[in-house]
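Residues per chain, in single letters:
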Amino acid sequence: MTFRALYRLQLGPDLDFAGARRLVPYLRELGVSHLYLSPSLQARPGSAHGYDVIDPREISRDLGGEDEFRALCREAPGVVLDIVPNHMAADERNPFWADERLRATVFDVDPETGWHRRFFTIDDLAGVRVEDPEVFELTHRKVLELVRDGLVDGVRVDHVDGLSNPREYLERLRDHGVGHVWVEKILEHGEELRPWPVEGTTGYEFLNDVLGLFVDPAAEEPLTDLYRDVTGESRPFAEVAARAKLEQARADFRPEVERLRSLLDEPGLEQALASLDVYRTYVEPERGRVEPADREEVSRVAGTLRRVLLLEEPGHDEFVTRFQQTTGPVMAKGVEDTAFYRYSRLLALNEVGGDPGRFGISVEAFHEGQATRRPRSLLTTFTHDTKRSSDVRARLTALTWIPDEWAQLVRTVGADGEDDYHVLQTVVGAWPLERQRLDAYVEKALREGKRTSSWLNPNERAERRVQKYGRELLESEEVERFVQRVRPLGHAIARAQLLLKLTSPGVPDIYQGDELETLSLVDPDNRRPVDWELRKRLLASGADPKQSLTRQALELRARHEVAFAGGYEPVDLGPDVCAFTRGGEVLVAVPLRPGAELDVPGPWHEVAPCLYER
């Protein structure tokens, strides 16, 4: 089966199965091979995302029911389905939750307190005991049926790190005939995906590497100095993140810590949960299995806890398992949902799976990542979970190309402090931006950062001050002039990143609507309705350069299927160009800086900007 490209559709109140089916001709013409559907099992009525499942045995009636789903799958070129094995909604409309006997069987519930394992810090999403073979069969019956019937070609597994034993779960999927599986898994820099039976991850490592190519390292010192002058922040990001993780372990994850403490009452538990440099380890107590990578990571933990986590002190199997299920949420809430909103040196770098302390990467490092990626791993630059769309991120990356001009704007508009600096970048990156969208983003950013305000103790007066500053920026002629200066640079970066995504080893993943310029912020802003009729008209006319590049690159992948399934060879065209061939038949050559000269050797015929075939 050829996975040429996936196209993510966010199903919900604005797009049901029938609506998705009407898009199939357009998406076929664009060149995608598979629709990548958001969760489609029965969720809470009116769910905007589908992750709050109440009955995994049924296809969502709100989206049109099983007949419409099957009709969509039959008409689509192919389908990959997002599934949610880790949790379901703790809701009386959930038959497994409403029945006390079934609740104890299906959900991970503490028998003494009745308290359940949460999804992150969301009380009304409860962990499922999917490690139990009977629970697995019960909750996966419908998905496995769809795979057996040939309607679903593969699945994306949400939050695989929340499971008690990801390896075992993924092997069970394989044994039940699910041949193509992708895992939502954040790999930190230098971390390798475990040898699981999967095609790969959902692609955040690619997102951050391809972004890093276009960050000019020469701008790191002036932008760091500017950031310190405006905000007073001189700490490295790693220090900001470490503090935020520990805060989360001590505060928002207190219930999880108390449950762990009931199993093993050792000092330093919060520090241990916050100490890892990766999302989790994969020690298997039931098999006595400790991999070298796990041993290295656990070495950061002190004393008795370290010995317990390495199985050197037996008898604490449940503690070890639950500890590993908790470090990922602590990392995610501490880094992505706290530190990313506290440290705004360059917001383009504050992305899921990224490290804002890493200011760009070399072409050589990018090639190394390309060579080690699994051949069908997903390549993404924008998902429903990203903090910003690829176009916003590209425009902010362009600030590293003109740091002096950026510094002048910062001084002109009087940005003073972390909040102002964060909002100024947001306005520049997403301009033109409606006032209501900016207000909503400011509220969320300040509350996620948990310094100026928070969800538990909102400081509405402080929020209104920052929102007022943001609105003033929207009316500023200086800001508008600067946006007109940086906008074409952002377009160049965005199209270059798009081309690399569409031609690199792996399977490109296009987020809904992103074939045109999409200036979206964090959810729910990135779930806004898409103007499909506009996209259809532009595809027919070939008038939009980003959309046209998408179609041209996917047509090339279709013509050279064998080449794109095979070799990747770096080509040295100088330090400011990223170039490579695919199977000897296709050449990609992308300038990384303004004014970079592109001298393409040999008998290559240009079929699209920076894209050549023999």
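Residues numbered from 1 in each chain as written. Predicted model: local features only at pLDDT ≥ 70, side-chain atom pairs only at ≥ 80, totals over all residues. Heavy atoms only, no water.

**Q** Which residues make up the overall build of the protein chain, and what are the values?
**A** Within the protein chain, the secondary structure is distributed over 25 helices and 18 strands. Against the 2.2 N^0.38 benchmark of 25 Å for 614 residues, the protein chain shows a C-alpha radius of gyration of 24 Å, consistent with a compact globule. Structurally, the protein chain occupies a C-alpha span of about 65 × 55 × 45 Å along its principal axes. Sorting the 614 residues of the protein chain into buried and exposed places 62% on the buried side. Across the protein chain, the fraction of contacts at a sequence separation of at least 24, relative to all contacts at a separation of at least 6, is 72%. As displayed, the protein chain offers around 23800 Å² of accessible surface, 47% of which is attributable to carbon and sulfur atoms. When the 81 positive and 109 negative side-chain charges of the protein chain are each reduced to one mean point, those points stand 2 Å apart. (Helix = DSSP H or I, 4+ residues; strand = E, 2+ residues; numbered from the N terminus. Rg over C-alpha atoms; globule rule 2.2 N^0.38 Å. Buried < 20%, exposed > 50% of the residue type's maximum accessible area, 1.4 Å probe, protein only. Contact = heavy atoms within 4.5 Å. Areas by Shrake-Rupley, 256 points an atom, 1.4 Å probe, with all protein chains shown as cover. Lys, Arg positive; Asp, Glu negative; His and termini not counted. Charge placed at Lys NZ, Arg CZ, Asp CG, Glu CD.)

**Q** Any chance you could break down the environment of H116 for me, citing the residues and the numbers?
**A** With respect to the helices, strands and loops of the structure, H116 is situated in the loop between α5 (100–106) and β7 (118–119). Those residues in contact with H116 that lie beyond four places of it in its chain are A90, W97, D108, V109, D123, L125 and A126. From its side chain, H116 meets the backbone oxygen of D123 in a polar contact 2.7 Å long. (Polar contact = N/O pair within 3.5 Å; in protein donor to acceptor, adjacent residues only side chain to side chain.)

**Q** Tell me about the sheet that holds strand β2 (residues 34–37), residues and numbers included.
**A** Reading across from one edge, β11-β10-β9-β5-β2-β1-β13-β12 is the order of the 8 strands in this open sheet, with parallel pairing throughout. Across the chains shown, the open sheet's two edge strands, defined by having one partner strand only, are β11 (200–201) and β12 (378–379). Where strand β10 (residues 181–183) meets β11, 2 bridges bridge the pair, whose relative direction is parallel. Residue W182 lies in a different strand from β11, and its bridge partner there is G200. (Pairing = 2+ DSSP bridges.)

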